[in-house]
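Each chain, letter by letter, is given below.
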Amino acid sequence: MTNLLVALLLIIAIIVIVWYLVKRLSALVVNAVLGLLLLVLINFLHIMQWMGKPDLGYDVATILICALGGVPGVLILVLLSILGISI
């Protein structure tokens, strides 16, 4: 009887942990995709040139910051570019 109870509690714990991780991972993936789309949109519309600055470009560092940071990462890149700090 106790073996069945322990197994049932273990299964419930595993289901809760997997559900939590999937929920967090989906939010991170959506944020990364939105960040990359925002980078493409900023470069496509040449928004940085409206402010007299060059486009952000597509190098490895920029793409990684946008993919890992998402929308806040793109905003940080734009702010750094406006301030004259290049990555």
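Each value, and the rule that gives it
- Every chain is numbered independently, its residues counted from 1 as its sequence is written.
- Predicted model: local features are reported for residues with pLDDT of at least 70 only, side-chain atom pairs are reported and counted for 80 or more only, and whole-chain, interface and lining totals are derived from all residues.
- Heavy atoms from the whole structure form the basis of all side-chain values; hydrogens and water molecules are not counted.
- Patch membership requires more than 30% relative accessible area and the absence of a salt bridge. Residues of like charge join within 9 Å; the nonpolar side chains Val, Leu, Ile, Met, Phe, Trp and Tyr join within 5 Å.
- With residues, only the protein chains shown are counted as cover, and all accessible areas are computed by Shrake-Rupley using a 1.4 Å probe.
- One side-chain nitrogen of Lys or Arg within 4 Å of one carboxyl oxygen of Asp or Glu is enough to make a salt bridge.
- For helices the rule is a DSSP run of H or I covering at least 4 residues; for strands it is a run of E covering at least 2, with both sets numbered from the N terminus onward.
- Summary of the burial criterion: residues with accessible area below 20% of their type's maximum are buried, those above 50% are exposed, and those between are partly exposed, where the area comes from a 1.4 Å probe applied to protein chains only.
- Residues grouped as a nonpolar core are buried Ala, Val, Leu, Ile, Met, Phe, Trp, Tyr and Cys residues, joined through side-chain atoms within 4.5 Å.

Engineer: What exactly am I supposed to notice about a nonpolar patch on the surface here?
Structural biologist: Judged by side-chain polarity, Leu25, Val29, Val30, Val33, Leu34 and Leu37 come together as a nonpolar surface patch covering roughly 540 Å² of accessible area. Mapped onto the secondary structure, Leu34 falls in helix 1 (residues 2-44). The exposure class of Leu34 is partly exposed, given its relative accessible area of 44%.

Engineer: I keep staring at the nonpolar core and nothing clicks. Help me out?
Structural biologist: What tends to happen in soluble globular proteins is that the nonpolar side chains get buried as a cluster. Counting residues in hydrophobic clusters, the biggest one holds 8 residues: Leu39, Ile42, Met48, Leu56, Cys66, Val74, Leu77 and Val78. At the level of elements, helix 1 and helix 3 (60-82) are the ones that each hand at least two residues to this core. With 4 residues, helix 3 is the single largest residue contributor to this core.

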